[in-house]
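Descriptive structure summary
Here's the letter readout for the chains.
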Amino acid sequence: MYFKSFLFCYLVGWGVIGLAQSSDRSCENLTSYKGLLLCAVDKHPDALKAKLLWQQNQNLIGMAEQRPNPEINSQVLSGKAGDDSYQYTQINLAHTFELGGKRDARIRRSQLQMSNSELDLKLVQEQVYLKTYLALARLRQIQSEMVIYDDALNTFERIQKQYRSRPRMTPEQKAIYAIMDIAASDYRLKRQPLLSEIRENERFIEIAIGRKFSIRKELYPPLRKKWPILSPASSEVTEASLSFKKSLSDLELAQAEVSEANSQAWSDLKLGPTFETQSQGSQKINSFGLNLSFALPVFHTNGAGKSYAEAGVSRAKMSLAATKEIENQQWNLQREKYQDAVKSLESALSFSELEKKHREVEDSFSTGIIPSSLVIEIHRQMADYTKSLSEQENATIEALANIYSIEGRLLSEGL
């Protein structure tokens, strides 16, 4: 069993070292959004804290494997018996034998604690992965939205300039001019929060990768034209999720704590050799024997500790059942949400189609076929449409990430 524990730690340790080395290499020269995501998963402060806790818990097995040190105690007495000097010396050496399987139970608990902290690390990494992906996608979306607002402002300014160049405006033209003033002011107000959002997302990414960085357009995840097709439904799919594995590990840890509490009901046995020497006057006596001691279970046999641990098992069992039910429901819910969102995105106008319709309206206005009010309306519709498209894309990304997380393949496959 000890060899298996050592082998487990060795393999997991080298796996983490390999992940860290590959992440360090990807952080040196970020050329794609996938490389940036790999860097963020390893370098984000939350991931670093979880990794340090996991590394700290690796020492738990070594601590649990330690055996009690042998004990030595002695006493020396001297005095007088009449005219004769008297001296008594006793030396006891005792080794503690842990009964009831204490050491094995302690090692098992420490192994599960380490496994638990590794699952916590992966759960944090999943959260970091999704947040970073959404931040990058949002930066790309904001660029598209900013183009819409800037184009509208330029168009309004161009039309208003034409109106101002006329000696006199008709009442209708004055009304259109005023409406464009209001629309332009509205777009400037809507544009400002986008600048703040850019800074927030850029700061988040810099924190995630641990250094200042200029986000380039080639690092944005592209808007998908084709979204992944989901795998068929399976009753065992939720057992691959990290949340389910964490709940299962919590149950195993609670059961290990019950075993440890049961082992604590046994008293430790202390046994070893004893040497005794007595001298009085010219007489000297040497004696050898054994010393033995153990606690008497008079007041308790750790009943409270066992009850506490057994209550923890009941709680862990309920949590495991609830987690499985919730994960199943979420898997079905996220699948439906994802499929509906994908249908909406696949039937939506592309940016090239949107731009084409926009140019057609502006060309018709330039030739005098349509009124300027329709130019205002097309830009308003484009701004609203782009915002809706961004929201729908983000909902699709989150649903897909949740599905992959429940299926246990978000970190291994990515989005």
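The structure we're discussing is the one just above.
1. A short note on the sheet that holds strand E1 (residues 71–81)
- Overall, antiparallel pairing links the four strands, which are arranged E1-E2-E3-E4 in an open sheet. With partners counted over all chains shown, the strands left at the sheet margins are E1 and strand E4 (283–293), one partner each. On average, adjacent strands in this sheet sit at an angle of 10° to one another, irrespective of strand direction.
- Bridge count for strand E2 (residues 84–97) against strand E3 (residues 269–280) is ten bridges, and the pairing is antiparallel. Residue pairing in the sheet places Tyr 88 in a bridge with Gln 278 of E3.

2. Remarks on the nonpolar core
- Counting 69 residues, the largest nonpolar core has Leu 36, Phe 156, Tyr 338, Ile 397 and Leu 415 as the members making the most contacts within it.
- Secondary-structure elements contributing two or more residues to this core are helix H2 (33–43), helix H3 (45–57), helix H5 (102–164), helix H6 (171–209), helix H8 (303–347), helix H9 (351–366) and helix H10 (372–406).
- Looking at which element gives the most residues to this core, the answer is H5, with 20 residues.
- Ignoring sequence-local partners within four residues, the contact set of Leu 36 consists of Leu 30, Thr 132, Leu 136, Ile 205, Ile 209, Phe 213 and Leu 219.

3. Regarding the packing of aromatic side chains
- Applying the stated criterion across every chain, the model contains six aromatic pairs.
- On the basis of an interplanar angle of 15° and a centroid distance of 5.9 Å, the ring pair of Phe 156 and Tyr 187 is categorised as stacked. Pair noted here: Phe 156 is in helix H5 and Tyr 187 is in helix H6, with a separation of 31 residues, a long-range link. Here Phe 156 matches Tyr 187 in class, with each residue buried.
- Taking 5.0 Å as the distance between ring centres and 45° as the angle between the ring planes, the aromatic pair formed by Phe 275 and Phe 288 counts as tilted. Residue Phe 275 is found in strand E3, and its partner Phe 288 is found in strand E4; the two are separated by 13 residues along the sequence.
- Members of the aromatic cluster, each reached through a chain of ring pairs, are Tyr 33, Tyr 129 and Tyr 133.
- The ring of Trp 331 has Arg 335 sitting right over it, with the charged end atom 4.5 Å from the ring centre.

How each quantity is defined
Residues numbered from 1 in each chain as written. Predicted model: local features only at pLDDT ≥ 70, side-chain atom pairs only at ≥ 80, totals over all residues. Heavy atoms only, no water. Pairing = 2+ DSSP bridges. Helix = DSSP H or I, 4+ residues; strand = E, 2+ residues; numbered from the N terminus. Axes fitted to C-alpha atoms, helices over the stretch in contact; angles between N-to-C directions. Core = buried A, V, L, I, M, F, W, Y, C linked by side-chain atoms within 4.5 Å. Buried < 20%, exposed > 50% of the residue type's maximum accessible area, 1.4 Å probe, protein only. Contact = heavy atoms within 4.5 Å. Phe/Tyr/Trp six-rings, centres within 6.5 Å; stacked < 30°, edge-to-face > 60°. Lys NZ or Arg CZ within 6 Å of the ring centre and 35° of its normal.

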